[in-house]
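Reading the structure
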Amino acid sequence: MNDHTASTPFTHTFRIGADHPALPGHFPGRPLVPGVVLLDELAALLQRERGWRLARIVDAKFVAPLWPDRTAELRVHGEPPRLRFEILGEGGVLARGRVEVAA
């Protein structure tokens, strides 16, 4: 595991393209980025930045949609094994929740 801790929040800015394979069926005519794709961004960030594996989603609340080709920011804070996350978009909070990580 990396020497980093999560006591200092870390962030990642991302954009899900309109050509993402999960979008055509979610929802036809007005696609939005599925929550599972957002959680996949979180899992990838935890692995890439800290060497942690997403072990469990304690809770996740999706409060506003992320539309394709829009920029969002993922913020992670807390102390392992339990972390808090927020996903922010143009209009504010899109999602938030708590997860547990493992080495």
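The written sequence of each chain sets the order in which its residues are numbered from 1. pLDDT decides what is reported in this predicted model: residues at 70 or higher carry local features, side-chain atom pairs at 80 or more are listed and counted, and totals for whole chains, interfaces and linings draw on all residues regardless. Only hydrogens and water are removed before side-chain values are computed, so all heavy atoms of the structure are retained for them.

An unreviewed UniProt entry lists the protein under the name 3-hydroxymyristoyl/3-hydroxydecanoyl-(Acyl carrier protein) dehydratase, from Oleiagrimonas soli.

Observations regarding the overall build of the protein
Stated precisely, the cut-off is as follows: Every helix listed is a DSSP run of H or I at least four residues long, and every strand listed is a run of E at least two residues long, numbered separately from the N terminus. Surface accessibility in these figures is a Shrake-Rupley result with a 1.4 Å probe; residues are shielded only by whichever protein chains are displayed.
Scanning the protein from terminus to terminus reveals one helix and five strands. For the protein, the N- to C-terminal ordering of α and β elements is β-α-β-β-β-β. Each principal axis of the C-alpha atoms in the protein carries an extent, and together these give about 45 × 25 × 20 Å. In the structure as shown, the protein presents an accessible area of about 5,800 Å², 50% of it carried by carbon and sulfur atoms.

Side note on the pattern of salt bridges
Cut-off, in case you're wondering: When a carboxyl oxygen of Asp or Glu lies within 4 Å of a side-chain nitrogen of Lys or Arg, that pair is called a salt bridge.
Enumeration according to the criterion identifies six salt bridges in this entry. Taking the shortest distance from any N to any O, the salt bridge between E49 and R48 comes out at 3.9 Å. Across the pair R56 and E100 runs a salt bridge whose closest N-O atoms are separated by 3.1 Å. Residue R56 is found in strand β2 (residues 53–62), and its partner E100 is found in strand β5 (residues 92–102); the two are separated by 44 residues along the sequence.

A closer look at helix α1 (residues 35–50)
To keep it simple, the criterion reads: Helix span, expected: 1.5 Å multiplied by one less than the number of residues in the helix. Throughout this description, buried means an accessible area under 20% of the type-specific maximum (1.4 Å probe, protein chains only), exposed means over 50%, and partly exposed covers the range between. Every residue pair with non-hydrogen atoms within 4.5 Å of one another is taken to be in contact.
An ideal rise of 1.5 Å per residue puts 22 Å on 16 residues; α1 measures up with 22 Å between its terminal C-alpha atoms. Within the span of α1, buried status applies to V37, L38, L39, E41, L42, L45, L46 and R50. Buried residues along α1 sit against β1 (10–15), β2, β3 (71–79), β4 (82–89) and β5. Remark: G51 follows α1 within two positions and exhibits a positive phi of approximately 75°.

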